[in-house]
Amino acid sequence: MKPLRPLAFKPDDTGLHRALMQAAQGYLADNRDHRFADGGMLAKVLFLLALCALCYGVSLQQQSLWAFFACYFGFIFIGMFLTVNVVHDASHNAFFRQPWANRWLNCLVSIPLGLDPDCWRVRHVIFHHAHNNIEHYDPDIDANGVLRQTPFQRWRPFMRAQRFYWPLVAAMTFPYYIWLFDWLDRAGRTRVRARMAQQGIRGWGIFLAGKAAHLLLALAIPCYLLPPAIGMGQILLVYLLSQMLSSLLFVMLIIGTHWAKAQFYQAPAQGPLAHGWYHHVFATTFDWFPRPRWLGYWLGGANLHLTHHLFPHWSHRHYPALSRIIAEVAPRFGIDYRVLELGELLRLQQRFLSAMGRKPQ
């Protein structure tokens, strides 16, 4: 794949950067704290791992298809929560202080869901965070021929209905990433492999070991233990449906925050973008709150997505405090910082999908 030219932002928001960083460092100093995970975060990870293992173990004891589906879905669903709570932070080296510890933690907690953590880290940390909502630079909005996600992508007549069928596309994200895009990335068919932490034989070895561990845990063991009460075809169907339902929630929570703002950009032919990086984040990302508010704790801070983009190397345990800092600092620089309710976020997503589905004039 032809490499894209390096893209820079106009350096016009140094004052905003300085004010946010000073306020954030003052918050840490006042609380005698650090930006990484603490004992509470470790306890949450251990709890999620134990709950994931419990659902998996109980699923292997079922003789009814529906009981198996309920327990097995819990196993995959909690695997998705491990990704949101752990892989998201560890990929930014925000969980442990040591990068190697973050890498190995990612390898462990990624096994239930099956995503390759190194591929996801490059896509998310290196490409998406640096260029969110920029055509051709952000892999989350790459043209796929099914959803029109930016005004610069080709329109097709069936896209008039994309606001109705988009949940199916979102649900297929995990299966496609796990069984297609991860492999294309590792094989060098995309621009991801060049930025991976592990290359060559060692990289392939870690990659294949992770996929094999997922296959063994998620499919081989159930297919060995459960028939004839539950057939192999039924196990495969339950696996796919569990991945799809988890994927739908993940995409709605993560990518949907960028859809809601509905601001997309093309890279200039030369020179930097016409605005600074901080202004870009505010123009393309929302924070939102669930009801009840405590659900944000289990979402791994995914709801405070603008805060995550401004402070990606901080543990999500700090996001509520950092969100309050942003609300205090941003207006001083003429920036409107809004925190949405979930219902409003979903309405804005639907409005965006409807607008992108209409035939361009």
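Residues numbered from 1 in each chain as written. Predicted model: local features only at pLDDT ≥ 70, side-chain atom pairs only at ≥ 80, totals over all residues. Heavy atoms only, no water.

A. Examining the packing of helix H6 (residues 162-171) against helix H9 (residues 232-254) more closely. Between H6 and H9, whose axes approach to 7 Å, the crossing angle comes to 110 degrees. Accordingly, the angle class assigned to the pair H6 and H9 is roughly perpendicular. Seen from above, H6 lies across H9 with right-handed handedness. Residue-level inspection shows Trp166, Pro167, Leu168, Ala170 and Ala171 of H6 in contact with H9, the latter providing Gln243, Met244, Ser247, Leu248, Val251 and Met252. For the contact of H6 with H9, the residue count by class is nine nonpolar, two polar and no charged. (Axes fitted to C-alpha atoms, helices over the stretch in contact; angles between N-to-C directions. Helix = DSSP H or I, 4+ residues; strand = E, 2+ residues; numbered from the N terminus. Parallel < 35°, antiparallel > 145°, perpendicular 65-115°, else oblique. Left-handed = near helix turned anticlockwise from the far one by under 90°. Contact = heavy atoms within 4.5 Å. Nonpolar A, V, L, I, M, F, W, Y, C, P; charged D, E, K, R; others polar.)

B. Examining the packing of aromatic side chains more closely. In total, this model carries 22 aromatic pairs according to the counting rule given. Judged by centre distance (4.9 Å) and plane angle (85 degrees), the ring pair of tryptophan 183 and phenylalanine 207 falls under edge-to-face. Residue tryptophan 183 is found in helix H7 (residues 173-186), and its partner phenylalanine 207 is found in helix H8 (residues 200-225); the two are separated by 24 residues along the sequence. According to the relative accessible area criterion, phenylalanine 207 is buried, its value standing at 1%. Arranged with centres 5.0 Å apart and planes meeting at 85 degrees, the rings of tryptophan 277 and tyrosine 278 form a pair that is edge-to-face. (Phe/Tyr/Trp six-rings, centres within 6.5 Å; stacked < 30°, edge-to-face > 60°. Buried < 20%, exposed > 50% of the residue type's maximum accessible area, 1.4 Å probe, protein only.)

C. Representation of H6 within the structure. Within the sequence span of H6, burial applies to Gln162, Trp166, Ala170 and Ala171. Those residues of H6 hidden inside the fold are in contact with H7, H9, helix H10 (256-261) and helix H15 (342-357).

D. Up close: the UniProt feature "transmembrane region" (unreviewed entry) in the chain. As recorded in UniProt, the sites labelled "transmembrane region" (unreviewed entry) are residues 41-59, 65-87, 164-181, 201-225 and 237-260. The span residues 41-59 is 100% helical and 0% strand by assignment, and the distance between its end C-alpha atoms comes to 27 Å. Spanning residues 201-225, this segment combines 100% helix with 0% strand, and its end C-alpha atoms are found 34 Å apart. (UniProt positions renumbered as here; feature names shortened; annotations may be inferred.)

E. Empty space enclosed by the protein, seen in detail. Here the structure, examined in full by the defined rule, presents one cavity of 30 Å³ or more. Of the pockets and cavities examined, the largest cavity occupies roughly 30 Å³. Along its surface, the largest cavity is lined by Thr83, Val87, Ser110, Leu115, Asp116, Pro117 and Trp120. For the lining of the largest cavity, the secondary structure elements donating two or more residues are helix H3 (65-91) and helix H5 (117-131). (1 Å grid on protein atoms, 1.4 Å probe; cavity = no way out; pocket = protein on both sides within 12 Å on 5 of 7 lines; lining within 4 Å. Points joined across faces, edges and corners; volume = space filled by probe spheres on them.)

F. Structural view of a nonpolar patch on the surface. Where nonpolar side chains cluster on the molecular surface, the patch consists of Trp179, Trp183, Trp204, Leu208 and Leu215 and spans about 420 Å² of accessible area. Looking at the nonpolar patch, the elements with two or more residues in it are H7 and H8. Ranked by residue count, the leading element in the nonpolar patch is H8, at three residues. (Patch = residues over 30% accessible without salt bridge, like charges linked within 9 Å, V, L, I, M, F, W, Y side chains within 5 Å. Areas by Shrake-Rupley, 256 points an atom, 1.4 Å probe, with all protein chains shown as cover. Salt bridge = Lys/Arg side-chain N within 4 Å of Asp/Glu carboxyl O.)

G. Unusual backbone geometry, seen in detail. In this structure, the amide linkage connecting proline 227 to the following residue, proline 228, adopts the cis form with an omega of 5 degrees. Positionally, proline 228 belongs in the loop between H8 and H9. Note the cis peptide between arginine 291 and proline 292, where omega equals -5 degrees. Relative to the helices and strands, proline 292 is located in the loop between strand S1 (287-289) and helix H12 (295-298).

H. Layout of the environment of aspartate 33. The residue aspartate 33 is located in the loop between helix H1 (14-31) and helix H2 (39-59) in this model. Residues aspartate 33 and leucine 7, 26 residues apart in the sequence, show an inter-C-alpha distance of 35 Å. Excluding anything up to four places from it in sequence, aspartate 33 contacts Leu28, Arg317 and His318.

I. Spotlight on the packing of H8 against H9. One can describe the packing of H8 onto H9 by two numbers: an axis separation of 9 Å at closest approach and a directional angle of 145 degrees. Relative to H9, H8 is oriented so that their crossing is right-handed. Of the residues in H9, those touching H8 at His214, Ala218, Leu219, Pro222 and Cys223 are Met232, Ile235, Leu236, Tyr239 and Gln243. Split by residue class, the contact of H8 with H9 holds eight nonpolar, two polar and no charged.

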